[in-house]
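Chain by chain, the residues run as shown.
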Amino acid sequence: MKCFVCHTPMNEQSHPTFEILSYACATCGLRYQDHGLRGAAEQARYELHHNEPTEAYVAMFESILTTIEPYIQGSVLDFGSGEFNVLEQLLNQRFDITSYDLFFHPLPLATYDTVIAIEVVEHFIDPAKEWARLLALVRPGGHLIVQTRFVEAPFFDWWYQRDPTHRTFYTVTAFTALASQAGFEVIFSNNRSIIVMKRGR
Ligand SMILES: [Zn+2]
């Protein structure tokens, strides 16, 4: 398998816990592994995971918002909103926000000034294709705000890689290269879980 960012062959390792192969890019640090969960089985897993929005779930969004709110502008798309559109409920008094989710809400054909993807890009099965689609939703001069956990070491001890719906894991280096290839630039990162890219005009 080749790194979808660097296009160099990734190192292959047997996963110590699951019977799958895990891939690592020596150039940008990107990781990929796939448990093969698809369709109805995957949806069932999300329904389990994104149950009724609990106080803790809403609090997680509020905490992310305190970091990302300065980058939210104009029309907003929540890409991968989950079943309950929590972000839309938190922002709809102040922003023109639309929710999209592969499993729960169909995508309107449009582009946006701000696209927000919280806990989404780690689920990508075909990251080259899915990133192209995500990046294309951002208008020139617009912002793409991504929240996902950046790769932590030692990788196989890291809780986030144990979720069978999590497949693609990123580093700041990978995001920076990805942004530049697509005509975006990284304008903010907390170096842990949030990256903001601005599209060139
Ligand atoms: Zn790479």
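Residues numbered from 1 in each chain as written. Predicted model: local features only at pLDDT ≥ 70, side-chain atom pairs only at ≥ 80, totals over all residues. Heavy atoms only, no water.

Undergrad: What's the story with the layout of surface pockets in this structure? I'm lost.
TA: Taken as a whole, the largest pocket spans an internal volume of roughly 730 Å³. In terms of lining, the largest pocket is formed by 34 residues, of which the most central are Y46, E119, V120, E122 and H123. Listed by contribution, the elements that provide at least two residues to the lining of the largest pocket are helix 1 (39-49), helix 2 (55-68), strand 4 (75-79) and helix 4 (127-135). Split into classes, the residues belonging to the lining of the largest pocket amount to 15 nonpolar, seven polar and twelve charged. (1 Å grid on protein atoms, 1.4 Å probe; cavity = no way out; pocket = protein on both sides within 12 Å on 5 of 7 lines; lining within 4 Å. Points joined across faces, edges and corners; volume = space filled by probe spheres on them. Helix = DSSP H or I, 4+ residues; strand = E, 2+ residues; numbered from the N terminus. Nonpolar A, V, L, I, M, F, W, Y, C, P; charged D, E, K, R; others polar.)

Undergrad: Is there a simple way to explain the coordination of the zinc ion in this structure?
TA: In the first shell of the zinc ion, the protein supplies C3 (SG), C6 (SG), C25 (SG) and C28 (SG), at 2.3 to 2.4 Å from the metal. Bound by four donor atoms, the zinc ion shows angles of 104 to 114° at the metal and therefore tetrahedral coordination geometry. When the donor residues of the zinc ion are listed from N- to C-terminus, their spacing reads C-x2-C-x18-C-x2-C. Overall, C3 belongs to the buried group, its relative accessible area being 1%. (Donors = N, O, S within 2.8 Å, 3.2 Å for Na, K, Ca; no water. Tetrahedral: all angles 85-135°; square planar, octahedral: opposite > 155°, others 65-115°. Buried < 20%, exposed > 50% of the residue type's maximum accessible area, 1.4 Å probe, protein only.)

Undergrad: Any chance you could explain the packing of aromatic side chains here in plain terms?
TA: The geometry of two aromatic rings is summed up by the distance between their centres and the angle between their planes. Summed over the entire model, instances satisfying the criterion amount to 15 aromatic pairs. Pairing W159 with Y160 gives two aromatic rings, centres 5.2 Å apart and planes at 80°, and the pair type is edge-to-face. The class of Y160 is buried, set by a relative accessible area of 1%. Through a chain of ring-to-ring contacts, three or more aromatic side chains come together here, namely F155, F156, W158, W159, Y160 and F169. One cation-aromatic arrangement involves R31 over F155; the distance from NZ or CZ to the ring centre is 3.8 Å. (Phe/Tyr/Trp six-rings, centres within 6.5 Å; stacked < 30°, edge-to-face > 60°. Lys NZ or Arg CZ within 6 Å of the ring centre and 35° of its normal.)

Undergrad: What is the right way to look at the sheet that holds strand 1 (residues 11-14) in this model?
TA: Strand pairing in a sheet relies on backbone hydrogen bonds, with the paired strands running either antiparallel or parallel. Strand order in the open sheet formed by four strands is 1-2-3-8, with antiparallel pairing between adjacent strands. Looking at which strands have only one partner, the edges of the open sheet turn out to be strand 1 and strand 8 (168-169). Pairing of strand 1 with strand 2 (residues 21-24) involves four bridges; the strand directions are antiparallel. The partner of N11 across the bridge, within strand 2, is A24. (Pairing = 2+ DSSP bridges.)

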